[in-house]
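Examining the three-dimensional arrangement
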Amino acid sequence: MPAFLVRLTLFLLLQALLGAAVLHWGRVPTTTNYLAGTREKHARLQRIAPPRVLLVGGSNVPFGFQSARIEDALGLAVVNLGLVGGLGIGFMLDEVRDAVAPGDVVVLSFEYELFNGGSDAAVQRQVVQFRPANLRHLPVARWPGFLDRDALPLIGGAFRAALGLDRGGDASATDGGAHAGFNAWGDYVGHWGRPRPAGDGPRGSRGTAVTLTGRVREQLARFAQYCRERGARCALTFPPHPTAVLEARRDEVTRVVEALRAIPGLAVLDGPFDQAYPEALFYDTGYHLVEAGSAQRTDKLIAALRPLIAGR
């Protein structure tokens, strides 16, 4: 059995190398999938020299900020790395970790459900397919399942995409739209000016307990310490959420705030109710703002970051 596992691992590694070669030297695959935005976001991160404002988090980040206005107000280039909450906090922190440089300001914003440490294996697998370099951010606990179930289908999908045989479909990890909706900074603007989808109003975090686990707290503490060691600042702003939903979870979110504020080196820029908005400013979920809502949230972030940047 051990010999078989060694041969299987070597076979999978060979297929991965071949797939990576096709993706690297072949033409860039065309896709409409929202998650393919990971490619352009990382390309911008590598291209833009520090000091920068790096926006990190789930889909509340691309749907919630107007990066060009932040650049104009603060005089720092902005890279919006936010994509989708299903990646999990650990994955998102690992994505940006190696890029943090002196003078950078890293702004974190995570959906409330993520503070319990959850993530979505299917979402992680897809961002690896669209950008194979993301494989190194996959949590160690996911590797057995990835090798057992996902590696060969992923490699096959990568080959098909690189050869133009698979456009990735119209699937989106959010309800907001597709790949073409990202602008040059990584903000999602594809829904601007569109009518809000029919339904019973934006969904919020009504069904999931809001709690900060010890593991996530430790991840955030290590990352904040790492930023300090690299000469960068680490800050956190709470995600936007409908006022009525937050009121119903006031005790839970208050405990999370207290725990976050106790993390050394993490500058907590605001509180949950500073980021509470009426439902009319949300698009399809309780985390996705429409253009007017993202403008308000951007103004608040600019005001909160000014003293932090002045004190760098």
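Residues numbered from 1 in each chain as written. Predicted model: local features only at pLDDT ≥ 70, side-chain atom pairs only at ≥ 80, totals over all residues. Heavy atoms only, no water.

**Some remarks on the overall build of the protein**
Secondary structure summary: the protein contains 10 helices and 7 strands in total. By the burial criterion, 51% of the 312 residues in the protein qualify as buried. Look at the contacts in the protein between residues 6 or more apart in sequence, and 83% of them connect residues 24 or more apart. In the form shown here, the protein has an accessible surface area of approximately 13700 Å², with 58% of it arising from carbon and sulfur atoms. (Helix = DSSP H or I, 4+ residues; strand = E, 2+ residues; numbered from the N terminus. Buried < 20%, exposed > 50% of the residue type's maximum accessible area, 1.4 Å probe, protein only. Contact = heavy atoms within 4.5 Å. Areas by Shrake-Rupley, 256 points an atom, 1.4 Å probe, with all protein chains shown as cover.)

**Observations regarding the pattern of salt bridges**
A pair can form between side chains of opposite charge whenever their charged atoms are brought close. Scanning the model with the defined rule gives 7 salt bridges in all. The shortest N-O distance in the salt bridge between D299 and R69 comes to 2.4 Å. Placement of D299 in helix α10 (residues 291-310) and of R69 in helix α3 (residues 67-74) is noted, with a sequence separation of 230 residues between them. R222 is the partner of E218 in a salt bridge, and the nearest nitrogen-oxygen pair spans 3.6 Å. (Salt bridge = Lys/Arg side-chain N within 4 Å of Asp/Glu carboxyl O.)

**Overview of the environment of F282**
Topologically, F282 is positioned in the loop between β7 (276-277) and α10. Through-space distance from the C-alpha of F282 to that of A292 is 9.3 Å; in sequence the pair is 10 residues apart.

**A word on the state of the cysteines**
Applying the stated criterion to the full structure yields 0 disulfides. Looking at the unpaired C227, the closest cysteine sulfur is the one in C234, lying at 4.5 Å. C227 gets classed as buried once you look at its relative accessible area, which sits at 0%. (Disulfide = S-S within 2.5 Å.)

**Some remarks on unusual backbone geometry**
The residue after P50, namely P51, is reached through a cis peptide bond having omega 5°. In this structure, P51 sits in the loop between α2 (37-47) and β1 (52-57).

**A short note on the packing of aromatic side chains**
Counted according to the given criterion, the structure contains 8 aromatic pairs. Both rings, one in F182 and one in Y188, keep their centres 5.2 Å apart while their planes meet at 85°; by these two values the pair is edge-to-face. Each member of the pair, F182 as well as Y188, carries the same accessibility label: buried. Taken together, the ring pairs connect Y34, F63, F182 and Y188 into an aromatic cluster. One Lys or Arg, R97, reaches over the ring of Y226 and ends 3.8 Å from the middle of that ring. When the ring centre of F273 is taken as reference, the NZ or CZ atom of R250 above it lies at 4.1 Å. (Phe/Tyr/Trp six-rings, centres within 6.5 Å; stacked < 30°, edge-to-face > 60°. Lys NZ or Arg CZ within 6 Å of the ring centre and 35° of its normal.)

**Comments concerning the packing of α3 against α10**
Between α3 and α10, the shortest axis-to-axis distance is 10 Å and the interhelical angle comes to 30°. Between α3 and α10, the angle is such that the two are roughly parallel. The way α3 lies across α10 gives a crossing that is right-handed. The segment α3 lies against α10, with R69, I70, A73 and L74 engaging A295, T298, D299, L301, I302, L305, R306 and I309. The class makeup of the residues in the contact of α3 with α10 is 8 nonpolar, 1 polar and 3 charged. (Axes fitted to C-alpha atoms, helices over the stretch in contact; angles between N-to-C directions. Parallel < 35°, antiparallel > 145°, perpendicular 65-115°, else oblique. Left-handed = near helix turned anticlockwise from the far one by under 90°. Nonpolar A, V, L, I, M, F, W, Y, C, P; charged D, E, K, R; others polar.)

**A short note on the sheet that holds strand β6 (residues 266-268)**
Taken in spatial order, the 5 strands line up as β2-β1-β3-β4-β6 in an open sheet, and their pairing is parallel. Each edge of the sheet is formed by a strand with only one pairing partner; in this case those strands are β2 (77-80) and β6. The mean angle between the axes of side-by-side strands here comes to 25°, regardless of whether they run parallel or antiparallel. With 4 bridges joining them, β1 and β2 adopt parallel strand pairing. (Pairing = 2+ DSSP bridges.)

**Observations concerning helix α7 (residues 214-229)**
A rise of 1.5 Å per residue sets the reference length of α7, with its 16 residues, at 22 Å; its end C-alpha atoms lie 22 Å apart and thus fit the reference within 8%. Within α7 the residues assigned to the buried category are V216, Q219, L220, A221, F223, A224, Y226 and C227. Where the residues of α7 are buried, they touch α4 (89-97), β3 (105-109), β4 (233-236), α9 (250-261) and β6. In the stretch just after α7, G231 is the one whose phi turns positive, near 80°. (Expected span 1.5 Å × (residues − 1).)

**Some words on α9**
Here α9 contains 12 residues, and its C-alpha end-to-end distance of 16 Å stays within 8% of the 16 Å for a straight helix at 1.5 Å per residue. If you check which residues of α9 are buried, you get V253, V256, V257 and L260. Down the axis of α9, the buried side of the element spans an arc of 105°, and every buried residue falls inside it. Turned more than 90 degrees from where α9 packs its buried face, D251, R255 and E258 sit exposed. Taken together, the buried residues of α9 touch α7, β4, α8 (243-248) and β6. (Arc of directions from axis to C-beta.)

**Details of the packing of α4 against α7**
Following both chains from N to C, one finds α4 and α7 inclined at 10°, their axes separated by 10 Å at the closest point. Our classification of the angle between α4 and α7 gives roughly parallel. In this structure, the crossing between α4 and α7 has a hand that is left-handed. Facing α4, whose interface residues are I89, G90, L93, V96 and R97, α7 presents V216, Q219, L220, F223 and Y226.

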